[in-house]
Amino acid sequence: MIKYVIFDLDGTLLDTMEDIAGACNHALKCCGCPAREFGEYNQFIGSGIYNLFRRALPEDRRDEETVMMMHKHFIPYYNDHICDRTKPYEGICDMLDRLSEQGIRFAVASNKYQEGTEILVKKLLSRYGFIRILGQRDNKPIKPDPEIINEIMSAVPGIKAEEVIYCGDSDVDMQTGINAGIKTIGVTWGFRTREELRAYDPWLLAEKPEEISAAVVTYSE
């Protein structure tokens, strides 16, 4: 029986691409670097904010001083524009509603910086009562290290690995679930390809959010 579903955020629950790309391009321009095409960000997002900056910067500007300058310009701009175009993917709220009706609880485990993760969940998904909302934090490893999953599970007394699924849109998410010893769901509507997800043999490869709720409810009956 599945009792808990832990979700990635960007590319899984929320379509955040345009707002992230817009803020990163703003930071690039402030650092005297050329903006990137929005389509390039599919491969830049998912491994934490500092890796986002490193990937977006020109190869000859990926020094730590420039990365920190990117951070300085990105954070205030993104926080001000974090919900300009960001929204839940079609069908996400219906999926969460159905799972919630079955008594299934939710959490978020993201490589987005903690403040941004909390802002988005509280603005767009607050009614679902996530048991934990965790993002990238100082002195904590990022996914695919399983510590973020273990931290969420430790908040629920008596939880068993077979009762938990981790759901995400990238190879990093699939690796995270494997490293934590729990089932994974790969979603194809996010930032990465079906082929990338399939390579990790997820428990479910979902084309639509309704497939997640249907599979989890059926498995739990």
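Structural notes on the sheet that holds strand E5 (residues 133-136)
The parallel open sheet is built from six strands, whose spatial order is E5-E4-E1-E6-E7-E8. The open sheet has two edge strands, E5 and strand E8 (204-206), and neither has a second partner. This sheet shows a mean twist of 20° between the axes of neighbouring strands, independent of strand direction. Relative to strand E7 (residues 183-187), strand E6 (residues 164-168) is paired through four bridges, and the arrangement is parallel.

Details of helix H6 (residues 147-154)
Since the α-helix turns once every 3.6 residues, residues separated by three or four places project in the same direction. Among the residues of H6, those classed as buried are Ile 148, Ile 149, Glu 151, Ile 152 and Met 153. In the core, the buried residues of H6 are packed alongside strand E1 (4-7), strand E4 (105-113), E5, E6 and helix H7 (171-180).

Here's the deal with the side chain of Asn 111
As for its position among the elements, Asn 111 is in strand E4. A distance of 3.0 Å separates a polar side-chain atom of Asn 111 from the backbone oxygen of Gly 46. Of note is the side chain of Asn 111, whose polar atom sits 3.0 Å from the backbone nitrogen of Lys 143. When neighbours within four sequence positions are excluded, Asn 111 is seen to be in contact with Gly 46, Ser 47, Gly 48, Ile 49, Gln 136, Ile 142, Lys 143 and Val 172.

What about the packing of aromatic side chains?
Each aromatic ring pair is specified by the distance between its two centres and by the angle formed by the two planes. On inspection of all chains with the given rule, the structure shows nine aromatic pairs. Seen in terms of ring centroids, Tyr 41 and Phe 44 are 5.3 Å apart; in terms of plane orientation they differ by 80°. Their pairing is edge-to-face. On the basis of relative accessibility, which here comes to 0%, the residue Tyr 41 falls in the buried class. By relative accessible area, Phe 44 is classed as buried at 10%. For the ring pair Tyr 50 and Phe 53, a centre distance of 6.4 Å and an interplane angle of 85° mean the geometry is edge-to-face.

What about unusual backbone geometry?
Of note, the bond from Lys 143 into Pro 144 is cis; its omega dihedral lies within 30 degrees of zero at 20°. Mapped onto the secondary structure, Pro 144 falls in the loop between E5 and H6. The backbone of Asn 139 shows a phi angle near 65°, a positive value even though the residue is not glycine. On the accessibility criterion, Asn 139 (83% relative accessible area) is exposed. Positive phi is not limited to glycine here, since Asp 201 has a value of about 50°. Position of Asp 201 among the secondary structure elements: in the loop between helix H8 (194-198) and E8.

What counts and how
- Residues numbered from 1 in each chain as written.
- Predicted model: local features only at pLDDT ≥ 70, side-chain atom pairs only at ≥ 80, totals over all residues.
- Heavy atoms only, no water.
- Pairing = 2+ DSSP bridges.
- Helix = DSSP H or I, 4+ residues; strand = E, 2+ residues; numbered from the N terminus.
- Axes fitted to C-alpha atoms, helices over the stretch in contact; angles between N-to-C directions.
- Buried < 20%, exposed > 50% of the residue type's maximum accessible area, 1.4 Å probe, protein only.
- Contact = heavy atoms within 4.5 Å.
- Polar contact = N/O pair within 3.5 Å; in protein donor to acceptor, adjacent residues only side chain to side chain.
- Phe/Tyr/Trp six-rings, centres within 6.5 Å; stacked < 30°, edge-to-face > 60°.

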